[in-house]
Amino acid sequence: MRTKSLILSFFAALLLIGCEQQVPERKVPVHECATPPEGRAVAMSFAWGNTVYIVCGRLANGRYTNTMMTYNAATDTWQAEIATPLAARANGIACTNSHAAYVGLGYNKGSIYEESSYLRDFWRYDPTTNTWTQLADFPSKKTDAAFAFADDEHVWVGYGFNGFGNELWAYSIADNTWEEVPRDGERPERRMSMVAATCQGRYFAGTGFLYHGRNDFWEYVPSSNKWERKASVPGSGRHNAACAATTQAVWVMGGWHYGDSLTTGYHFQDILRYAPKTDSWERCGTIPCGPTENGVACSIGDRVYFGLGESNKYELYPYWYYCED
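Predicted model, so just to flag it, every value in this text is computed and none were measured. (Residues numbered from 1 in each chain as written. Predicted model: local features only at pLDDT ≥ 70, side-chain atom pairs only at ≥ 80, totals over all residues. Heavy atoms only, no water.)

K.L.:
Please set out the overall build of the protein chain residue by residue, giving values where relevant.
P.N.:
Of the regular secondary structure elements, the protein chain holds 1 helix and 26 strands. Taken over the C-alpha trace, the protein chain has a radius of gyration of 19 Å; the compact-globule value for 325 residues is 20 Å, and the two agree within 12%. Along the longest, intermediate and shortest principal axes, the C-alpha atoms of the protein chain span 65 × 45 × 40 Å. For the protein chain, the proportion of its 325 residues judged to be buried stands at 55%. Expressed as a percentage of contacts within the protein chain between residues at least 6 apart in sequence, the contacts between residues at least 24 apart total 49%. (Helix = DSSP H or I, 4+ residues; strand = E, 2+ residues; numbered from the N terminus. Rg over C-alpha atoms; globule rule 2.2 N^0.38 Å. Buried < 20%, exposed > 50% of the residue type's maximum accessible area, 1.4 Å probe, protein only. Contact = heavy atoms within 4.5 Å.)

K.L.:
Run through empty space enclosed by the protein, naming residues and quoting values.
P.N.:
Tallied over the entire structure, the rule returns 1 cavity of 30 Å³ or more. What the largest cavity holds in volume is close to 90 Å³. Lining the largest cavity are 17 residues, and of these I287, T292, G295, G307 and L308 lie nearest its centre. Mapped onto the lining of the largest cavity, the elements with two or more residues apiece are β21 (250-257) and β25 (303-307). Of the residues belonging to the lining of the largest cavity, the class tally is 10 nonpolar, 6 polar and 1 charged. (1 Å grid on protein atoms, 1.4 Å probe; cavity = no way out; pocket = protein on both sides within 12 Å on 5 of 7 lines; lining within 4 Å. Points joined across faces, edges and corners; volume = space filled by probe spheres on them. Nonpolar A, V, L, I, M, F, W, Y, C, P; charged D, E, K, R; others polar.)

K.L.:
An account of the pairing of strand β14 (residues 195-199) is needed here, citing residue identities and associated values.
P.N.:
Of the two faces of β14, the one holding V195, A197 and C199 is buried and the one holding A196 and T198 is not buried anywhere. With antiparallel pairing between neighbouring strands as the criterion, β14 and strand β15 (residues 202-206) make up a hairpin whose turn holds 2 residues, including Q200 at a positive phi of roughly 55 degrees. (Pairing = 2+ DSSP bridges.)

K.L.:
Kindly report on the layout of surface pockets, identifying the contributing residues and their values.
P.N.:
Roughly 1000 Å³ of volume is contained in the largest pocket. Going through the elements one at a time, β2 (44-48), β6 (93-96), β10 (147-150), β14, β20 (242-245) and β24 (296-300) are the ones with two or more residues in the lining of the largest pocket. Partitioning the lining of the largest pocket into residue classes produces 29 nonpolar, 16 polar and no charged. A volume near 290 Å³ is recorded for the second largest pocket. Taken together, 16 residues make up the lining of the second largest pocket; nearest its centre are V42, N91, D144, M192 and N240. The residue inventory of the lining of the second largest pocket, partitioned by class, reads 8 nonpolar, 5 polar and 3 charged.

K.L.:
Would you mind going over the sheet that holds strand β18 (residues 217-221) in detail, with residue names and values included?
P.N.:
One open sheet accounts for 4 strands, arranged β14-β15-β18-β19; its pairing is antiparallel. Lying at the two open borders of the sheet, with one neighbouring strand each, are β14 and β19 (226-230). Going from strand to strand, the sheet's axes swing by 25 degrees on average, the running direction of each strand aside. (Axes fitted to C-alpha atoms, helices over the stretch in contact; angles between N-to-C directions.)

K.L.:
Any chance you could break down the side chain of T84 for me, citing the residues and the numbers?
P.N.:
Looking at the element boundaries, T84 is found in the loop between β5 (77-82) and β6. Judged by its relative accessible area of 12%, T84 falls in the buried class. Looking at T84, its side chain comes within polar contact range of the main-chain oxygen of N66, at 2.5 Å. From its side chain, T84 meets the backbone nitrogen of L86 in a polar contact 3.2 Å long. The contact partners of T84, leaving out residues within four places of it in the chain, are N66, T67, M68 and W132. (Polar contact = N/O pair within 3.5 Å; in protein donor to acceptor, adjacent residues only side chain to side chain.)

K.L.:
Before we move on, can you summarise the sheet that holds strand β1 (residues 30-32) with the specific residues and values?
P.N.:
Here we have 4 strands laid out as an open sheet, ordered β1-β26-β25-β24, and antiparallel in their pairing. Strands with a single pairing partner mark the edges of an open sheet, and in this sheet they are β1 and β24. Strand after strand, the sheet turns through a mean of 25 degrees between neighbouring axes, direction not considered. Pairing analysis gives 5 bridges linking β24 to β25, with the strands arranged antiparallel. Bridge pairing links A297 to F306 in β25.

K.L.:
How would you sum up the packing of aromatic side chains? Please name residues and give values.
P.N.:
Per the counting criterion, the structure on display carries 42 aromatic pairs. When the ring of F46 is compared with that of Y53, the centres are 4.9 Å apart and the planes differ by 10 degrees; the resulting orientation is stacked. Residue F46 is classed as buried on the basis of its relative accessible area of 3%. Judged by relative accessible area, Y53 falls into the buried class, the value being 9%. One aromatic cluster is present, built from ring pairs that chain together F147, F149, W156, Y159, Y203, Y220 and W227. The side chain of R238 reaches across the aromatic face of F268, ending 3.7 Å from its centre. (Phe/Tyr/Trp six-rings, centres within 6.5 Å; stacked < 30°, edge-to-face > 60°. Lys NZ or Arg CZ within 6 Å of the ring centre and 35° of its normal.)

Limitation: the analysis is restricted to geometry and does not speak to function.
This is the structure in structure tokens:
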């Protein structure tokens, strides 16, 4: 019986490899930028104008921080140790619309069994005036490693961890109120640590972790409250990947495949590109510093910037790159 099981596992692995080989490859040059002032993992990030903002996260000494550092893409320079009113945290959420950035939630390094470890505070940050405004708290306790995206009327936040869940909440910017989105129809299973991005006014989310890594990829359509399944992310399931969208595509970098019945766990070094127009993926190269999880990514125009995070040996990376779409 054990022999039969091993044979089945072997052919399943061959089938997986065969499927992966069908993904088109296109070499995209990766350019190294100025070195960040420090390494950070599980930070929040967003871009505004020519600047990338990296907020909170875990430092090399294991300490969580509440400071912000910024990268000016026009001058290829960094600024560090910018104060914020936030509590120190990891795995928070950040997204933008045409008016501001929305930041918050996350985990504060306490016991995973304590409710106080899961932060519900939610903030509006105006980069043009450098002002922070605290908004209505997130209503759910599932705040660790959630995803978020926004338009000029709403911010959607969901699929965070405090026990796995598949909640999705909509925040009304005008009313400063939260409302849970009805769980109608097919939707991603409960999980945490997904990737998410807005591309061409469309909202995409996928991957993540629930007992093992997931590679399904979805589009959320707010007008109908429908989730539409899209082409799966190439490779075995992953979580803790970095993600951003240019005007043309969604980009996914790295991540961690938690071991399953066929493999041991491993970290990804790939750079993937998803084209909404054709619902298709390409492999576009590898992360120069090595296999990476818990990094960050942001786009400025048709450049996607990415880096930081940590290696498969949990060493923080002080590297920053960009690709041109």
